[in-house]
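# Working through the structure, step by step
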Amino acid sequence: MTLVLITALGVGGATIIGAIIGFLFKEISHKFSDIVLSFAAGVMLSAAVLGLILPSVEYGGTYGVITTVVGIFTGALCLNFIDKLVPHLHKMVGADIENHNNANLSKVLLFVMAIAIHNLPEGIAAGVGFGSGDTSRSLIIAGGIALQNIPEGMVIIAPMLSAGVSPKRTFICALLTGVVEVVGTFIGYFAVSVSSVILPFALAFAGGTMLYVISDEMIPETHAHGSERGATYALLVGFCIMLITDVLLG
């Protein structure tokens with residue numbers, strides 16, 4: 001339980017680390033941001049497949065693959081539904097959220113709220129991993145999510161400051177997006193701990209949400225500013241590092 005608490009705080013705290021970087025370097029280049037986000041996407045892709053989806057098949061028994069497929073699509077559809085309500089990173093960027101001089105406060109706050117809402121299922125994914133009892137893979141999953149949260153925290157800061165939000169309130173907003181992820185981690189952990197029957201579905205659901213985030217949000221965002229080649233290799237590096245780590249820890 002202590003490890004889950006530390007991990008939850010680490011996953012949520014990664015957003016705060018990103019926010020601090022955003023305060024220190026208000027004009028972070030797209031290329032740097034895209035490379036970091038792509039690396040995180042590779043880590044998350046490896047974590048989703050090796051740490052969530054394949055274990056889901058294993059725990060599911062004879063018909064485990066059916067449960068896994070249903071869980072993956074349920075997770076993806078859940079995030080798709082959330083996207084219908086509140087758009088996320090690349091959609092908001094497409095709406096000129098990064099045009100700091102003309103930033104509209106309501107649009108910026110919607111942007112921050114979108115990040116907070118999307119952080120909930122990501123936190124649940126981290127918690128479900130621990131519920132499976134495989135600590136090493138769970139840490140890999142949490143690490144991938146935490147890496148993704150750093151650039152997310154970075155992009156919150158400049159638009160809010162430009163919209164006239166005070167530095168103190170900006171930091172509090174960033175903090176709240178991280179708190180949502182901490183809450184999600186505990187929800188995922190306790191849900192699986194209460195009933196091991198739902199473990200295969202929960203693992204697949206968490207894997208589906210991660211695959212959705214990677215494909216629908218992270219990859220389009222990292223390929224939107226002319227850094228496609230570097231972003232692609234960064235993703236491969238992240239994936240292979242986590243693959244090697246999983247083999248060594250396994």
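In this text, all values refer to a predicted model and were calculated from it rather than measured experimentally.

### Some thoughts on the overall build of the protein chain
Each helix and strand counted, the protein chain has nine helices and zero strands in total. Seen in sequence order, the protein chain has helices and strands lined up from the N terminus as α-α-α-α-α-α-α-α-α. Scored against the burial criterion, the 250 residues of the protein chain give a buried share of 49%. Contacts in the protein chain between residues at least 24 apart in sequence constitute 86% of all its contacts with a sequence separation of at least 6.

### Concerning the environment of Phe205
For Phe205, the location among the structural elements is in helix H8 (residues 199–222). For the pair Phe205 and Ile124, spaced 81 residues apart in sequence, the C-alpha separation works out to 9.6 Å. Discounting chain neighbours no more than four positions away, the residues touching Phe205 are Gly71, Ile72, Thr74, Gly75 and Cys78.

### Here's the deal with the nonpolar core
Counting 32 residues, the largest nonpolar core has Met44, Leu52, Val128, Ile141, Ile145, Met210 and Met218 as its most contacted members. Mapped by element, the contributors of at least two residues to this core are helix H2 (30–59), helix H3 (64–85), helix H5 (105–131), helix H6 (135–162), H8 and helix H9 (228–249). Looking at this core, the element that brings in the most residues is H8, giving nine residues. Leave out the neighbours within four places in its chain, and Leu52 touches Ala47, Ala125, Gly129, Ile141, Leu203, Ala204, Ala206, Gly207 and Met210. Of all hydrophobic cores here, the second largest spans seven residues; its members include Ala19, Ile115, Ile157 and Met160.

### Here we look at the packing of aromatic side chains
Per the stated rule, a full pass over the model turns up three aromatic pairs. Seen in terms of ring centroids, Tyr189 and Phe190 are 5.3 Å apart; in terms of plane orientation they differ by 65 degrees. Their pairing is edge-to-face. Relative accessible area serves as the criterion here: at 40%, Phe190 is assigned to the partly exposed category. Aromatic rings pair up to connect Phe186, Tyr189 and Phe190 into one cluster.

### Description of the side chain of Thr222
Positionally, Thr222 belongs in helix H8. When its relative accessible area of 1% is taken as the criterion, Thr222 is described as buried. Polar contacts involving the side chain of Thr222 include one to the side chain of His223, which spans 3.2 Å. Ignoring anything within four residues of it in the chain, the contact list for Thr222 reads Asp34, Leu37, Ser38, Ser227 and Ala231.

### Description of the packing of H2 against H8
Here H2 crosses H8 at 160 degrees, and the two axes come no closer than 8 Å. Comparing the axis directions of H2 and H8 gives the class roughly antiparallel. Of the two elements, H2 crosses H8, and the hand of that crossing is left-handed. Looking at the contact of H2 with H8, its residues break down into 21 nonpolar, five polar and two charged.

### With respect to a nonpolar patch on the surface
Taken together, the side chains of Ile20, Leu24, Phe25, Leu120, Phe171, Ile172, Leu175, Leu176, Val179, Val183 and Ile187 make up a nonpolar region of the molecular surface, amounting to roughly 940 Å² of accessible area. Secondary-structure elements contributing two or more residues to the nonpolar patch are helix H1 (2–24) and helix H7 (167–194). Ranked by the residues each element gives to the nonpolar patch, the list is headed by H7, at seven residues. Take Phe25: it is sitting in the loop between H1 and H2.

Calculation rules
Residues numbered from 1 in each chain as written. Predicted model: local features only at pLDDT ≥ 70, side-chain atom pairs only at ≥ 80, totals over all residues. Heavy atoms only, no water. Helix = DSSP H or I, 4+ residues; strand = E, 2+ residues; numbered from the N terminus. Buried < 20%, exposed > 50% of the residue type's maximum accessible area, 1.4 Å probe, protein only. Contact = heavy atoms within 4.5 Å. Core = buried A, V, L, I, M, F, W, Y, C linked by side-chain atoms within 4.5 Å. Phe/Tyr/Trp six-rings, centres within 6.5 Å; stacked < 30°, edge-to-face > 60°. Polar contact = N/O pair within 3.5 Å; in protein donor to acceptor, adjacent residues only side chain to side chain. Axes fitted to C-alpha atoms, helices over the stretch in contact; angles between N-to-C directions. Parallel < 35°, antiparallel > 145°, perpendicular 65-115°, else oblique. Left-handed = near helix turned anticlockwise from the far one by under 90°. Nonpolar A, V, L, I, M, F, W, Y, C, P; charged D, E, K, R; others polar. Patch = residues over 30% accessible without salt bridge, like charges linked within 9 Å, V, L, I, M, F, W, Y side chains within 5 Å. Areas by Shrake-Rupley, 256 points an atom, 1.4 Å probe, with all protein chains shown as cover. Salt bridge = Lys/Arg side-chain N within 4 Å of Asp/Glu carboxyl O.

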